[in-house]
Amino acid sequence: MYKTVELKKEGRLARLTLNRPASMNAMDSVMMKEIADVFESLKSDMTVQVLVIQGAGRAFSAGGDIKAMLDPDSPMDIGKVMKDVSRLAMALYSLPQVTIAVVHGAAAGLGFSLVLGCDHIIVEEETKLAMNFIGIGLIPDGAGHFFLKERVGVPQAKSLIWSGKVMNGQEALEKGLIDEVVAEGKSTERAELFAHKLLASPIAAMIASKNILHAQKTKELESVLEMESEAQVEMRKTADHLEGIQAFVGKRKPEFTGK
């Protein structure tokens, strides 16, 4: 049914796997749309109460597909892409399931935004985590601003966004960005235990509380997504962004000019 993701349901538990392992699950326009479609389909599925989100292969997700941004044969329609990214974030935040992010290898950029939007985040020790849009002259999207602020507050969110700091699991835990750190190779096992603990709990009450807490912030999230979309379209036109992606592909240090 999907080209870049897999959704499997086992009774009250569902698993969404990002499935572009050859590119470390970098998100191209197809994957962004498909993740949004999956989340929107789950919004009306009251039979599922827990959703585990994971990545196939070596990483959770390396973020947006930078090489796709430079493809002359299939130029990225940033306006359309941002609509799908906004759909993805809004649907994730309003899901009537408890969401568990299972993170290994790396979660960067939009991949990290997706992780931060989950209710419970399990990360392996040596995983590289970064809100690193700044390295290619962009701003966080996928509600990265909103999810970071929810987790750590405005000052820390600004610091992480502006620096693009790369953290391991323990560093992210100490900053309050994630919920658990586990040994390498143990994230899937831990997620299974946690998911089944949730399913053996009065989870309907937990989901009701999630809805009450999140409903208060929905208007703010909508505003953030609108501003992110407008700003990202503008950032895509800047000289710094072009320099950033060319430097990334060329594996050299970018020379930014503030333009």
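Values in this document were obtained by computation on a predicted structure and should not be read as measured data.

Conventions used here
- Residues numbered from 1 in each chain as written.
- Predicted model: local features only at pLDDT ≥ 70, side-chain atom pairs only at ≥ 80, totals over all residues.
- Heavy atoms only, no water.
- Buried < 20%, exposed > 50% of the residue type's maximum accessible area, 1.4 Å probe, protein only.
- Helix = DSSP H or I, 4+ residues; strand = E, 2+ residues; numbered from the N terminus.
- Pairing = 2+ DSSP bridges.
- Contact = heavy atoms within 4.5 Å.
- Phe/Tyr/Trp six-rings, centres within 6.5 Å; stacked < 30°, edge-to-face > 60°.

Is there a simple way to think about the pairing of strand 6 (residues 120–124) in this case?
Both faces of the sheet carry side chains from a regular strand, because those side chains alternate between them. Counting buried positions along strand 6 gives five out of five residues, so the element sits mostly inside the fold. Residues of strand 6 alternate between two faces, with His120, Ile122 and Glu124 on one and Ile121 and Val123 on the opposite face, all of them buried. Relative to strand 6, strand 4 (residues 98–103) is paired through four bridges, and the arrangement is parallel. Bridging across to strand 6, valine 102 finds its partner in isoleucine 122.

How should the environment of proline 140 be read in this particular structure?
Its place among the elements puts proline 140 in the loop between strand 7 (128–130) and helix 5 (144–152). Judged by relative accessible area, which is 2%, proline 140 ranks as buried. The sequence separation of proline 140 and serine 229 amounts to 89 residues, and the corresponding C-alpha distance is 9.8 Å. In this structure, proline 140 is in contact with Met131, Phe133, His145, Ile161, Glu228 and Gln232, ignoring residues within four places of it in sequence.

What exactly am I supposed to notice about the packing of aromatic side chains here?
Each aromatic ring pair is described using two quantities: the centre-to-centre distance and the angle formed by the ring planes. In the structure shown here, the tally under the stated rule is three aromatic pairs. Pairing tyrosine 93 with phenylalanine 147 gives two aromatic rings, centres 6.2 Å apart and planes at 45°, and the pair type is tilted. Here tyrosine 93 is found in helix 3 (residues 78–93), whereas its partner phenylalanine 147 is found in helix 5, with 54 residues between them in sequence. As far as the burial class goes, tyrosine 93 and phenylalanine 147 line up, both buried. Where phenylalanine 146 meets phenylalanine 147, the ring centres are 5.7 Å apart and the plane angle is 75°; that geometry is what we call edge-to-face. The same class applies to phenylalanine 146 as to phenylalanine 147, namely buried. Following the ring pairs from residue to residue traces out a cluster consisting of Tyr93, Phe146 and Phe147.

This is a description of form; function is not addressed.
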